[in-house]
Amino acid sequence: MKRPGPLLTLLAGLLLAVFMLSLNATTGARNASSSRPRTPGTAPPASATPGKSTSPPSPSPSASPSASPVPNADYAGRTDDDSSAVAVSLRDGRAIAYFCDGHDKESWLKGDVRDDGTLRLTGKNGAGLDGTLRDGRRIRGTVEFGGRHYAFTADKAVKPSGLYRATATVRGAELDGGWIVLPGGRQVGVLDRDGEPSAAPVIDPETGAVTVDGQKLTARPVTP
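Calculation notes
- Residues numbered from 1 in each chain as written.
- Predicted model: local features only at pLDDT ≥ 70, side-chain atom pairs only at ≥ 80, totals over all residues.
- Heavy atoms only, no water.
- Phe/Tyr/Trp six-rings, centres within 6.5 Å; stacked < 30°, edge-to-face > 60°.
- Helix = DSSP H or I, 4+ residues; strand = E, 2+ residues; numbered from the N terminus.
- Buried < 20%, exposed > 50% of the residue type's maximum accessible area, 1.4 Å probe, protein only.
- Salt bridge = Lys/Arg side-chain N within 4 Å of Asp/Glu carboxyl O.
- Pairing = 2+ DSSP bridges.
- 1 Å grid on protein atoms, 1.4 Å probe; cavity = no way out; pocket = protein on both sides within 12 Å on 5 of 7 lines; lining within 4 Å.
- Points joined across faces, edges and corners; volume = space filled by probe spheres on them.
- Nonpolar A, V, L, I, M, F, W, Y, C, P; charged D, E, K, R; others polar.
- Axes fitted to C-alpha atoms, helices over the stretch in contact; angles between N-to-C directions.

Please explain the packing of aromatic side chains as it appears in this structure.
A ring pair, where both rings are aromatic, is described by two values, the distance of the centres and the angle of the planes. The tally for this structure, following the rule as stated, stands at three aromatic pairs. Here the aromatic rings of Phe-99 and Tyr-150 are separated by 5.1 Å at their centres, their planes lie at 45 degrees, and the arrangement is tilted. Taken together, the residues span a long stretch of sequence, with Phe-99 in strand 3 (residues 94-100) and Tyr-150 in strand 8 (residues 148-156) at a distance of 51 residues. Just as Phe-99 is buried, Tyr-150 falls in that class too.

This is how it looks when you write it as structure tokens:
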């Protein structure tokens, strides 16, 4: 038998080389397609869970500001017609007020202060006080007394300004005195003797000392 010639051997090697090149080219193209990088900035789509919303959560509402606390303070001032004076003392949500004209009209009033700074106080014989605390610096309101309404403004008081009271029995008479010391030192007060009101004598606002019918008494600051 004759051995294949050099030409046949060369042809077989050439065919094998062409086949291997074709196989490598096909495999490389497939691998390049599967490993192609994503475009920067794009993300694969998220799979939605059945029955659940994919929308982003709504931001929680901001908390409403809390109301300013009602201060423990005293206030004193005049009515708009300048006929009378009003003093109010606030402590721990309670209030006591005094209205007087320095002659024969007076009323003590009590009540609560709401969180919004409004107050409604009541006294004897239908007397009442409606007011609003403004920025903790003053009270603006009206006093109802004897069928009339008196608008007033009472500014925050700094000692010795404020509200004072003295009670005692002198020579068999029941005494009940109320004083309002206004900013600047002016005093307005009424002294009740057994139910008969009259102008009150002047007190020493630094010590509260006052003399009534020859008897020395002490008027003390009033708080609820």
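Just checking my understanding: could you explain the pattern of salt bridges for this structure?
Side chains that differ in sign of charge can pair as their charged atoms come close. All chains considered together, the criterion is met by 12 salt bridges. Between Asp-104 and Lys-105 there is a salt bridge, and its shortest N-O distance comes to 4.0 Å. Of the residues examined, Asp-104 reaches a relative accessible area of 44% and is grouped as partly exposed. Relative accessible area serves as the criterion here: at 34%, Lys-105 is assigned to the partly exposed category. Between Arg-193 and Asp-213 there is a salt bridge; the shortest N-O distance is 3.1 Å. Of this pair, Arg-193 sits in strand 11 (residues 187-193) while Asp-213 sits in the loop between strand 13 (209-212) and strand 14 (215-218), and the two are 20 residues apart along the sequence. Connected through salt bridges with shared partners, the residues Asp-74, Arg-91 and Lys-159 form a single ionic network.

What is the right way to read the sheet that holds strand 10 (residues 173-181) from this model?
Strand-to-strand pairing in sheets goes through backbone hydrogen bonds, with the strands running parallel or antiparallel. If you trace the five strands from one edge of the open sheet to the other, you get 12-11-10-9-15, paired in antiparallel fashion. Strand pairing shows two members of the sheet lacking a second neighbour, strand 12 (196-199) and strand 15 (220-221), which therefore form its edges. In terms of strand pairing, strand 10 meets strand 11 through seven bridges, oriented antiparallel. By the bridge assignment for strand 11, Gly-177 is matched with Leu-191.

Can you walk me through the layout of surface pockets in this structure?
To locate leftover empty space, one rolls a probe as large as a water molecule over the atoms. Taken as a whole, the largest pocket encloses approximately 360 Å³ of empty space. Surrounding the largest pocket, Glu-106, Ser-107, Trp-108, Lys-124, Asn-125, Ala-127, Phe-145, Gly-146, Arg-165, Asp-176 and Asp-192 form its lining. Ranked by residue count, the leading element in the lining of the largest pocket is strand 4 (residues 106-113), at three residues. Grouping the amino acids of the lining of the largest pocket by side-chain chemistry returns three nonpolar, three polar and five charged.

I would appreciate a short explanation of the sheet that holds strand 2 (residues 85-91) in the present structure.
On the basis of which strands lie adjacent, the closed barrel formed by eight strands has the order 1-2-3-4-5-6-7-8 and antiparallel pairing. Neighbour-to-neighbour, the strand axes of this sheet turn through a mean angle of 25 degrees, independent of strand direction. In terms of strand pairing, strand 4 meets strand 5 (residues 118-123) through five bridges, oriented antiparallel. Directly across from Lys-110, in strand 5, lies its bridge partner Thr-122.

What's the story with the pairing of strand 1 (residues 73-79) in this structure? I'm lost.
Looking along a regular strand, one sees side chains alternate from face to face of the sheet. Within strand 1, seven of the seven residues are buried, which leaves it mostly tucked inside the rest of the structure. As paired strands, strand 1 and strand 2 are joined by six bridges and run antiparallel to one another. Paired with Tyr-75 across the strands is Val-88, a residue of strand 2. The antiparallel hairpin formed by strand 1 and strand 2 contains five residues in its connecting segment, where Asp-82 sits at a positive phi of about 60 degrees. The pairing of strand 1 with strand 8 spans five bridges and is antiparallel. Looking at the pairing, Arg-78 lines up with Thr-153 of strand 8.

Bear in mind that shape data such as this cannot, by itself, settle questions of function.
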